[in-house]
Amino acid sequence: MTIDWNHFTPWLSLSGGVLLGVASALFILLHGRILGISRIVGEFILPKAGDIAWRIAFLLGIFAAPWVFGILAPAEIITAPRIDASYGMIVLAGLMVGLGTRYASGCTSGHGVCGLSRLSLRSLVATLSFMAAGFVTVYVIRHLL
Amino acid sequence: MQRISEFFIGLLFGLGLLLSGMTDPGKVLGFLDLFGLWDPSLALVMGGAIAVGVFAFAFAKKRTTNFFGGALHLPKNNSIDKRLVIGSLIFGAGWGIAGYCPGPALVSMAAGQEKGLAFVIAMLVGMAGFEIAERLFHEPKITT
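Nothing here was measured: the structure is a model prediction, and the numbers come from that model.

Participant: Quick one: what's the story with the packing of helix α4 (residues 87–103) of chain A against helix α4 (residues 82–98) of chain B, residue by residue and with numbers?
Facilitator: Contact geometry for α4(A) and α4(B): axes closest at 7 Å, N-to-C directions at 155°. Considered as vectors, α4(A) and α4(B) are oriented roughly antiparallel to each other. Crossing angle aside, the handedness with which α4(A) passes α4(B) is left-handed. From α4(A), Met89(A), Ile90(A), Leu92(A), Ala93(A), Met96(A), Val97(A), Leu99(A), Gly100(A), Thr101(A) and Tyr103(A) reach across to α4(B), where they touch Arg83(B), Ile86(B), Gly87(B), Ser88(B), Ile90(B), Phe91(B), Ala93(B), Gly94(B), Trp95(B), Ile97(B) and Ala98(B). Among the residues making up the contact of α4(A) with α4(B), the classes are represented as 15 nonpolar, five polar and one charged.

Participant: Kindly report on the interface of chain B and chain A, identifying the contributing residues and their values.
Facilitator: The interface is formed by 104 residues belonging to chain B together with 100 residues belonging to chain A. At the level of elements, α1 (2–20), α2 (25–32), β1 (37–38), α3 (41–61), α4, α5 (102–110) and α6 (114–137) of chain B are the ones that each hand at least two residues to the side of chain B that touches chain A. At 18 residues, the largest contribution of residues to the side of chain B that touches chain A is made by α1(B). For the side of chain B that touches chain A, the class distribution of residues is 64 nonpolar, 31 polar and nine charged.

Participant: Tell me about α4(B), residues and numbers included.
Facilitator: Residues and elements named next belong to chain B. The terminal C-alpha atoms of α4 lie 24 Å apart, and with 17 residues this matches the ideal 24 Å at 1.5 Å per residue to within 8%. The element α4 is extensively covered by neighbouring structure, given that 13 of its 17 residues are classed as buried. Positive phi shows up at Gly99, right after α4, with a value of about 90°.

Participant: Any details on the confidence of the model for chain B? Residues and values, ideally.
Facilitator: In the predicted model, chain B carries a mean pLDDT of 94, and 96% of its residues have values of at least 70. Among the prediction metrics, the complex's ipTM stands at 0.96, with pTM recorded as 0.95.

Calculation notes
- Residues numbered from 1 in each chain as written.
- Chains lettered and ligands numbered in written order.
- Predicted model: local features only at pLDDT ≥ 70, side-chain atom pairs only at ≥ 80, totals over all residues.
- Axes fitted to C-alpha atoms, helices over the stretch in contact; angles between N-to-C directions.
- Helix = DSSP H or I, 4+ residues; strand = E, 2+ residues; numbered from the N terminus.
- Parallel < 35°, antiparallel > 145°, perpendicular 65-115°, else oblique.
- Left-handed = near helix turned anticlockwise from the far one by under 90°.
- Contact = placed C-beta atoms within 7 Å.
- Nonpolar A, V, L, I, M, F, W, Y, C, P; charged D, E, K, R; others polar.
- Expected span 1.5 Å × (residues − 1).
- Buried ≥ 20, exposed ≤ 12 C-beta atoms within 10 Å, placed from the backbone.
- pLDDT = per-residue confidence, 0-100.

So this is what it looks like as structure tokens:
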């Protein structure tokens, strides 16, 4: 293991993480809901009556974020994303992420942030599982193939 | 009032993803590349989020209603079963292929990334596939 010091952003990542934590805290305390993206989006596919408006409001907030970030963030912290995967791989990955997160009842936000914050063993198992699968997949793609 | 609050929480969450670097698949894959040139940033994203979250959820567990007087939906399912593990493994493998998890993919799509859009469409198809499979192979699930 070699640390990639050129890309390591400890302060930005820590402060971004704190914002994610504050958003999750506000969502459970103000609205009584777990801030889990895969469930918020997944249950929107076949929505129940009376359960739609809050999802739209939340998702519009997410969609507004790049625009607001462009206004607020100093130019030196805005970096262009590096997207190496081909369209075929993107589609395969999207299918797997959609199916997998719904079977597991959560993703990085629901299990990784909220679940670990509530000290849930179930979410710890989920987080260790998707992290392990991520490590192995990147190892295979970058170092074996 | 509640809709406005939910909008701003979504906005705050999206800003957190952008600031932390989670919306850059290259950065995510840099974290998952444990045996290559490793970028530990994402561990700090999780650490920062959980450091705030533990206090909020410890407080939430003592309450029965949310701030607006409505229900407080804390998960009741504690089972560690095949669905949880296999679902998470499939998710993690997909995460490792593209570097997108659901939240950052939505933000990337909104930022006008064409591959972000392609990912979100595929993700919705995968989620719809789950709903179809649930209805074909399982009794209607009682959700709490």
